[in-house]
Structure formats: C-alpha cells, structure tokens
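# Tertiary structure, described
Take a look at the letters that make up each chain.
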Amino acid sequence: MPERKCDVTITGLTGRGQGVGKIKGQVVFVPGGLPGDRVRVAVTRAKKNYLVGRVEKLLEPSAQRVEATCHLSGDCGGCQLQELSYSSQLQWKREWVVEALNRIGGLSAHVLPTLPAPIIWNYRNKAAFPVGYDRGRLVAGCYMPGTHRIVDSEACSIQHEKSNCILRETKNLLRELKVPVYDERSHRGLIRHLVARVAVGTGENMAVLVTKNKRFPQGTKLAKALMDRVDGLCSVVQNVNPAKTNIILGTENRTLAGKSHIDDIMGDDELGRLTFRISPHAFYQVNSAQAVNLYRLVRQYANLQGTETVLDLYCGVGTITLFVAKVAQRVVGVEEVPAAVSDARLNAKLNAIDNAEFLAGRAEHLMPSLLGQGVSPQVIIIDPPRAGCDQRILHAMIQAQPDRLIYVSCYPPTLARDLKVLAGGGLQTHKDPACGHVSHDQSR
Ligand SMILES: C[S@@+](CC[C@H](N)C(=O)[O-])C[C@H]1O[C@@H](n2cnc3c(N)ncnc32)[C@H](O)[C@@H]1O
C-alpha cells in the first residue's frame, strides 16, 4: 500500500514528547514534530482513532525550535526534546498537567508555572547504559528510539560528566580485558548494562556492572582498574540479572571494589542539609538540584507546626520523610524495597533523627493496617511511581481525612485519575495559587 503523505501543522505534544496534529480531523502523532512546525508527514500506521506519521520534510520550522546540543539527537532515544527551547518545554509540561487534570480528573485546579531546573545539562545523577555489540564492535550508550539498537556514545549531554567518564573508561576496560558482552537475541554473553550513580553533594560515584551470569572472572581486576581511572569512584558493584527481561537490575549484588553504596549530602540553607546512603537498587531523585526545590515545596505545602503525625508513603531511602521529620512530631515512612528501607533507617541514624520510623512493605497493605492500629495522620505525603496509587490507598486516605495531602507525581495522567477518586471522597484539590506547582526535571 503506498504511504499517504499530508502537510500538517503540529499543535501540541504528547507526554512522551511526540508532536500532535490533525489530518482531516483525525489526530496524528508525529515523533520529531514540535509545536508550531509545519511538516510533510508520511502516515506509517492507521488505527481506528488515530494515525502515526513520520516527518518526511520540515516545511516551516516552529519559532520554538533551537539547535540540538548533542550531535546524536534524533538518532538516540535517550531524550526527546533537545530541539525545543527550554522555555517552551516548561510551558508544554504545564499544559500536559492542565490537560490531564481537566480531561481525566474533571478538575479545574490552579496550576502554577513550571519551576525551571537550576541546571539543564549534565544534570542526571543516574545513568543506565545498555552494553552490546554492533557489527562486532563493543558499544554502549542509549537505545535508538523504539528499538533495542544501541547508539554508541562517549558523552550524553543530560548525564553528569562523571557518569560519562565511567561510561568511557568502562568501555575501554571491557575492550582491554576482552570481557564478553551480552547479546539480547541469543541471550549469550556477560555484560548487559552499566549503571552509573553520582552523589552530587559529596562527589562519590558508583558503577554497577549488570551481568547475565554470576561468574565474572575479570570482575575484581576491572573494578580496581576502573577505580584507579575515575576520580571519586568509590563503589563498583556486580549485579546479576540472568533473566530474559527489559528490567535492568536483577536481585543479587556483589561488591567488586570499594563500598557497597555511596553517600550523598542534599539540601540547602532553608531546608537544612542531610546525609543519604544510596545502594544500587534504591530510588533517588535523578536531578539533585531540582530535588531540593521539590522537597522545599513539599515541606512548605505540608505547613507543619511540630505537633503533627505525618505519613510518607512510597518513601524510598527516606528523603522526604527525614526533611519533614525536622518540623513534625512523628513521621512514618512506607516503602516496598527492603534495601531502601534499610538505607532509610540508617539515614535517620546518620542524621540523628529519632522521630522517623520506616515500615517495609506495600503501601496498599500497610496504610489500612496503620489506620486500623489507630495512627491518625494530620498530613499525608505520597510519591508513587508512574502507575499512581492503588485503589486501596486512595480509599484509606479518604477514610483518614487528613488536614493536608501532598501528592508528588511524575506522571500527570495517573495523578489526575487518582485526584478524581480523592475528590469523590471529599478531599478537594486546593484552589489556592500557592499550590499546584509543576517542577521540571527534564527526566525524559
Ligand atoms: C517515585 S519514588 C519516590 C521516593 C522518594 N519519595 C524520593 O523522593 O526519593 C517511588 C518509591 O515507591 C516505591 N514503591 C513502589 N510501589 C510501592 C508500593 N506499592 N508500596 C510502597 N512503596 C512502593 C519505589 O520502590 C520507590 O522507592
């Protein structure tokens, strides 16, 4: 069937950064199209309710277009919007929230302008680089959009410079020591991914080599050499992932050289500064500078007077929990990853905080039982993954009727869906202009 071609004006963006336009009234999604562009589109897929197209030619570029910083932009799927000016990215992110709240949540909450991030390049403190072969050559970097073909990279523009250094030196050592790397199709070979983490506040770095098998004969030699070559690298860990899966980390970690974790210091004069221990599996906000802005807002919205009991659900290594503990009477953090809970307990000790406790388990199981035990939180903070909250948590929060509920979300559609349920249970979204900020971390 010949490809259908049409000229389209891009009028919006999806949450995944794809351009949106219309062909004869039907929505068309156009990867690479930016709001304001006039493009010639070749329709590659026609579904009942929408079309998908490929940009054949940029007829008239949008006024919001800028030159991409990275020469791999477009070929590499690591990020999507380099050619959209940062001020427009901020504007579109806010639009996405407004649209989700209206369309999915049926809410007309006041949404403030997006808070710009203090640093917009080399800001990510965690990188996961797939490792493989491309026509016999060892490569590592990011996947091409929509594929598992690796685009070889020496330096990713959104990753911290230290992660890029770990990437380059690991590739050098894998070549020098002739370590076999993984082939996804045959499920053979050893090294699958390199995960690099940077504690921005202390300068400590970690490299995690994800292997298909436990046996890694060159592991210790490679780890020690890597530590010699990368300044500040103080932890090299092997993570074993034998499964045929897209999930990066397996369950088993083995320290090859240095520490099993890294330590960070986060905060500012207003929030105070706290030390956090980060182990390979633990969630930690990827944009350190913007995380401080986020946590400052959470504490401001919580408006704690020092007398409250606070629940922090989905607490990770206890970052929010410990920042609010300083101004609350009692804080209970709930997290499902046992290693993160151990880190959180240790973080409380490291910071001499004794009014924070941490429970390991799923929030949907623990929240109802906490209420059953008579815990009556005045403030609840939730920060779920993209999937949003389980219905049981939403109903438990409605039952608890806290004075304030602060919902930190990384995915507006599930935020809107959950707010609708909460509003149905009497928990209204605030109309005060002080609430409803969107903060921007560019973590695409
Ligand atoms: C977006 S992170 C937030 C972490 C933390 N608030 C922070 O800022 O670092 C979500 C956390 O929820 C945890 N999690 C996911 N599903 C969960 C569940 N059903 N119950 C409890 N924790 C869960 C994840 O392991 C992760 O640590």
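Rules of the game
Residues numbered from 1 in each chain as written. Predicted model: local features only at pLDDT ≥ 70, side-chain atom pairs only at ≥ 80, totals over all residues. Heavy atoms only, no water. Helix = DSSP H or I, 4+ residues; strand = E, 2+ residues; numbered from the N terminus. Expected span 1.5 Å × (residues − 1). Buried < 20%, exposed > 50% of the residue type's maximum accessible area, 1.4 Å probe, protein only. Contact = heavy atoms within 4.5 Å. Core = buried A, V, L, I, M, F, W, Y, C linked by side-chain atoms within 4.5 Å. 1 Å grid on protein atoms, 1.4 Å probe; cavity = no way out; pocket = protein on both sides within 12 Å on 5 of 7 lines; lining within 4 Å. Points joined across faces, edges and corners; volume = space filled by probe spheres on them. Nonpolar A, V, L, I, M, F, W, Y, C, P; charged D, E, K, R; others polar. Phe/Tyr/Trp six-rings, centres within 6.5 Å; stacked < 30°, edge-to-face > 60°. Lys NZ or Arg CZ within 6 Å of the ring centre and 35° of its normal.

All right, on to helix H9 (residues 412–424) then. Taking 1.5 Å per residue as the helical rise, H9 with its 13 residues ought to reach 18 Å, and the 18 Å between its terminal C-alpha atoms agrees with that figure. All of the buried residues along H9 are Pro412, Pro413, Thr414, Leu415, Ala416, Asp418, Leu419, Leu422 and Ala423. As for H9, its buried residues are in contact with helix H1 (86–103), helix H8 (391–400) and strand E21 (404–407). Gly426 lies just past H9 and shows a positive phi near 95 degrees.

Right, let's talk about the nonpolar core for a bit. Ranked by internal contacts, the top residues of the largest apolar core, which has 45 residues, are Met266, Tyr295, Val310, Leu322, Phe358, Ile381 and Ile406. In contact with Val310, other than residues within four places in its own chain, are Leu304, Val324, Ala328, Arg330, Val331, Val332, Val379 and Ile381. By size, the runner-up hydrophobic cluster in this structure holds 32 residues, among which are Val111, Leu311, Met367 and Leu415.

As a further point, take the layout of surface pockets. Empty space among the atoms becomes visible once a probe the size of a water molecule is rolled across them. Within this model, the second largest pocket holds a volume of roughly 620 Å³. Taken together, 22 residues form the lining of the second largest pocket, with Pro130, Tyr143, His148, Ile150 and Glu184 sitting closest to its centre. Elements represented by at least two residues in the lining of the second largest pocket include exactly strand E8 (126–134), strand E9 (137–143) and strand E11 (191–199). Top contributing element to the lining of the second largest pocket by residue count: E8, with 5 residues. In the lining of the second largest pocket, the residues fall into 9 nonpolar, 6 polar and 7 charged.

On to empty space enclosed by the protein, then. Summed over all chains, the structure comprises 1 cavity of 30 Å³ or more. Its residues assigned to classes, the lining of the largest cavity comprises 8 nonpolar, 5 polar and no charged.

Another point: the environment of Arg330. Among the structural elements, Arg330 can be located in strand E18 (residues 330–335). Expressed as a C-alpha distance, the spacing of Arg330 and Ser288, which sit 42 residues apart in the sequence, is 26 Å. If sequence neighbours within four positions are ignored, Arg330 has contacts with Glu308, Thr309, Val310, Asn355, Glu357 and Val375.

This next bit is on the packing of aromatic side chains. Taken as a whole and assessed by the stated rule, the structure comprises 5 aromatic pairs. With a centroid separation of 5.8 Å and an interplanar angle of 40 degrees, the aromatic rings of Tyr295 and Phe323 are classed as tilted. Residue Tyr295 is located in helix H4 (residues 288–302), and its partner Phe323 is located in helix H5 (residues 319–325); the two are separated by 28 residues in the primary sequence. Connected via pairs of aromatic rings, a cluster forms that spans Phe276, Tyr284, Tyr295 and Phe323. Across from the ring centre of Tyr182, 4.4 Å away, lies the NZ or CZ of Arg192, which sits over that ring.

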